[in-house]
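# Overview (structure and organization)
The chain contents come next:
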Amino acid sequence: MSKKTRVLFLDFDHTLFNTDQFFHVEVRNALSRFVTDGKLWEDGYDRAWQSGYSLDKHIDEIRRISGDQLPGEEMKSIIHGSFSDLKRFLFPDVVPFLKSIRGQETDIFLLSFGSETWQRYKVLGSGIGAYFDDMFFVPAEGGKAQVVLEYAGKIDHMIAVDNNPTEL
């Protein structure tokens, strides 16, 4: 931690990034000609999540469950071609807000739940990684609270913004 006495923790999914539009609408729609069964989609997600989620792992699990009946490389090509630039999924006020607080006497930390690889993919793909002094990716529920507690009492002012306050 730097010598600054104020810390701002910002959640990523559903706070800075429109995760529902990205994942549940656009990614799913991009693969809808291959994956028409909602249960197959959900089961693939559940299996991929266990080993650290990524879109590639999700596609691999969907293929396994379907008995390798789906064209995995074509599905991955569509995903990688469609979702390399994720800026459009940031909420409209995010970049102006980050620009306005950057350079003030505040450390800005990203605090996100989920697989580090998956979360980092979305953060870097959305182009906002450089606004943060540090990024914390916690793989277990309750992990966000542990990070916040580490800073409690060490600084003068702390603000944490999360769409799900029970995480904190």
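Along every chain, residues carry numbers that run from 1 in the direction the sequence is written. This being a predicted model, a pLDDT of at least 70 is required before a residue's local features are given, and a value of 80 or more before pairs of side-chain atoms are given or counted; all residues contribute to the totals for chains, interfaces and linings. To obtain the side-chain values, all non-hydrogen atoms of the structure were used and water was disregarded.

### With respect to the packing of helix α2 (residues 38-50) against helix α3 (residues 55-65)
One can describe the packing of α2 onto α3 by two numbers: an axis separation of 8 Å at closest approach and a directional angle of 120°. In terms of orientation, α2 lies oblique with respect to α3. In this structure, the crossing between α2 and α3 has a hand that is right-handed. Each of L40, W41, D43, G44, Y45, R47 and A48 in α2 lies in contact with α3, whose residues at this interface are K57, H58, E61, I62 and I65. Under this scheme, a helix contributes an axis fitted over its contacting stretch, all axes are lines through C-alpha atoms, and angles between N-to-C directions fall in the 0 to 180 degree range. Numbering of helices and strands runs from the N terminus, with a helix taken as a DSSP run of H or I at least four residues long and a strand as a DSSP run of E at least two residues long. Any angle between 65 and 115 degrees counts as roughly perpendicular, while under 35 counts as roughly parallel, over 145 as roughly antiparallel, and the rest as oblique. Crossing chirality is assigned from the near helix's rotation relative to the far helix, an anticlockwise turn below a right angle marking it left-handed and a clockwise turn marking it right-handed. Pairs of residues are marked as contacts when any of their non-hydrogen atoms sit within 4.5 Å.

### Section: the nonpolar core
Buried Ala, Val, Leu, Ile, Met, Phe, Trp, Tyr and Cys residues form a nonpolar core when they are joined through side-chain atoms within 4.5 Å. With a 1.4 Å probe rolled over the protein chains alone, any residue whose accessible area is under 20% of its type maximum counts as buried; one over 50% counts as exposed, and the rest are partly exposed. Core analysis: the largest hydrophobic core is formed by 37 residues, its most contacted members being L16, F22, V35, L55, L110, I128 and F132. Residues in contact with I128, not counting those within four places in the same chain, are F12, L16, L90, V95, L98 and V123. Core analysis: the next-biggest nonpolar cluster, separate from the first, contains ten residues, L111, F136, V138 and V148 among them.

### Quick word on the packing of aromatic side chains
Pairing of aromatic rings covers Phe, Tyr and the six-membered ring of Trp, with a centre-to-centre limit of 6.5 Å; geometry is then stacked below 30 degrees between planes, edge-to-face above 60, and tilted otherwise. One pass over the structure, following the stated rule, counts 22 aromatic pairs. Note on F23 and Y53: the rings are 5.8 Å apart at their centroids and 85° apart in plane angle, and the pair reads as edge-to-face. Of this pair, F23 sits in helix α1 (residues 19-30) while Y53 is found in the loop between α2 and α3, placing the two residues 30 residues apart along the sequence. Considered together, F23 and Y53 belong to a single accessibility category, that of buried residues. Aromatic pair F136 and Y151: ring centres 6.3 Å apart, planes at 70°, arrangement edge-to-face. Placement of F136 in strand β3 (residues 134-138) and of Y151 in helix α7 (residues 143-151) is noted, with a sequence separation of 15 residues between them. Overall, the relative accessible area of 19% leaves F136 in the buried class.

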